[in-house]
Amino acid sequence: QVQLVESGGGLVQAGGSLRLSCAASGRTFSGYAMGWFRQAPGKGREFVAGITWSGGSADYIDPVKGRFTISRDNAKNTVYLQMNSLKPEDTAVYYCAAVNWPLRSPLFQSWGQGTQVTVSS
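All of the points below concern the structure found in this document. (Residues numbered from 1 in each chain as written. Predicted model: local features only at pLDDT ≥ 70, side-chain atom pairs only at ≥ 80, totals over all residues. Heavy atoms only, no water.)

## Considering the overall build of the protein chain
- On a plain count of helices and strands, the protein chain comes out with 0 helices and 10 strands.
- Reading the secondary structure of the protein chain in the N-to-C direction produces β-β-β-β-β-β-β-β-β-β.
- Relative to the 2.2 N^0.38 estimate, which gives 14 Å for 121 residues, the radius of gyration of the protein chain is 13 Å and therefore close to what a compact globule would have.
- Counting only C-alpha atoms, the protein chain reaches 40 × 25 × 25 Å along its principal axes. (Helix = DSSP H or I, 4+ residues; strand = E, 2+ residues; numbered from the N terminus. Rg over C-alpha atoms; globule rule 2.2 N^0.38 Å.)

As structure tokens, then:
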């Protein structure tokens, strides 16, 4: 069973940047589209961005288009989320997961510990 470990979160001022990483252990990402999800306090978990196995296609929710970029390095079993021009409304715990492409849903109901992103105004 694959285990996903997210890292790279932190506290940043509005307008700042962070780069999140998601590393797989126990099994590779092989063949899976991957995605980032987030859960803000008091809200449900939502899809943020996804990328196909080849990296040839990406999908973003409207609020992050033009600010976030998802990428992957299959040789390193790692998925990234570059977040620029951060806003306070981006504050959430961020998780990565295999996704049911092109649907914006997780393929498995198994989550890592996530990484906290806090954007101050």
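## Description of the pattern of salt bridges
- Within the structure shown, the criterion is met by 5 salt bridges.
- With a closest N to O distance of 3.0 Å, Arg 38 and Asp 90 form a salt bridge. Taken as a pair, Arg 38 in strand 4 (residues 33–39) and Asp 90 in the loop between strand 8 (78–83) and strand 9 (92–99) lie far apart in primary sequence, 52 residues in all.
- What makes Arg 38 buried here is its relative accessible area of 6%.
- Among the residues examined, Asp 90 registers a relative accessible area of 1% and is labelled buried.
- When salt bridges with common partners are traced through the structure, they connect Arg 38, Glu 46, Arg 67 and Asp 90 into a single cluster. (Salt bridge = Lys/Arg side-chain N within 4 Å of Asp/Glu carboxyl O. Buried < 20%, exposed > 50% of the residue type's maximum accessible area, 1.4 Å probe, protein only.)

## What about the sheet that holds strand 7 (residues 68–73)?
- On the basis of which strands lie adjacent, the open sheet formed by 4 strands has the order 1-3-8-7 and antiparallel pairing. Bordering the open sheet on either side are strand 1 (3–7) and strand 7, each of which pairs with just one other strand. Going across the sheet, the axis of each strand differs from the next one's by a mean of 15 degrees, ignoring polarity.
- In terms of strand pairing, strand 3 (residues 18–25) meets strand 8 through 6 bridges, oriented antiparallel. Paired with Leu 20 across the two strands is Leu 81, which belongs to strand 8. (Pairing = 2+ DSSP bridges. Axes fitted to C-alpha atoms, helices over the stretch in contact; angles between N-to-C directions.)

## Topic: the packing of aromatic side chains
- According to the stated counting rule, one finds 4 aromatic pairs in the structure shown.
- Seen in terms of ring centroids, Tyr 32 and Phe 108 are 5.7 Å apart; in terms of plane orientation they differ by 90 degrees. Their pairing is edge-to-face. Taken together, the positions of Tyr 32 in the loop between strand 3 and strand 4 and Phe 108 in the loop between strand 9 and strand 10 (115–120) put the pair 76 residues apart, joining distant regions of the chain.
- On the accessibility criterion, Phe 108 (37% relative accessible area) is partly exposed. (Phe/Tyr/Trp six-rings, centres within 6.5 Å; stacked < 30°, edge-to-face > 60°.)

## With respect to unusual backbone geometry
- The peptide bond linking Trp 101 to Pro 102 adopts the cis configuration, its omega dihedral lying at 5 degrees.
- Relative to the assigned elements, Pro 102 resides in the loop between strand 9 and strand 10.
- Positive phi values are uncommon outside glycine, yet Asn 77 reaches one of about 50 degrees.
- Note on placement: Asn 77 falls in the loop between strand 7 and strand 8.

## Concerning the nonpolar core
- Counting residues in hydrophobic clusters, the biggest one holds 33 residues, and the most contacted among them are Met 34, Trp 36, Phe 68, Ile 70, Leu 81, Met 83 and Tyr 94.
- In terms of residues, this core owes the most to one element, strand 9, which gives 6 residues.
- Excluding its chain neighbours within four sequence positions, the residues that come into contact with Met 83 are Gly 16, Ser 17, Leu 18, Leu 20, Arg 67, Phe 68, Tyr 94 and Val 117. (Core = buried A, V, L, I, M, F, W, Y, C linked by side-chain atoms within 4.5 Å. Contact = heavy atoms within 4.5 Å.)

The values are spatial; any link to function lies outside them.
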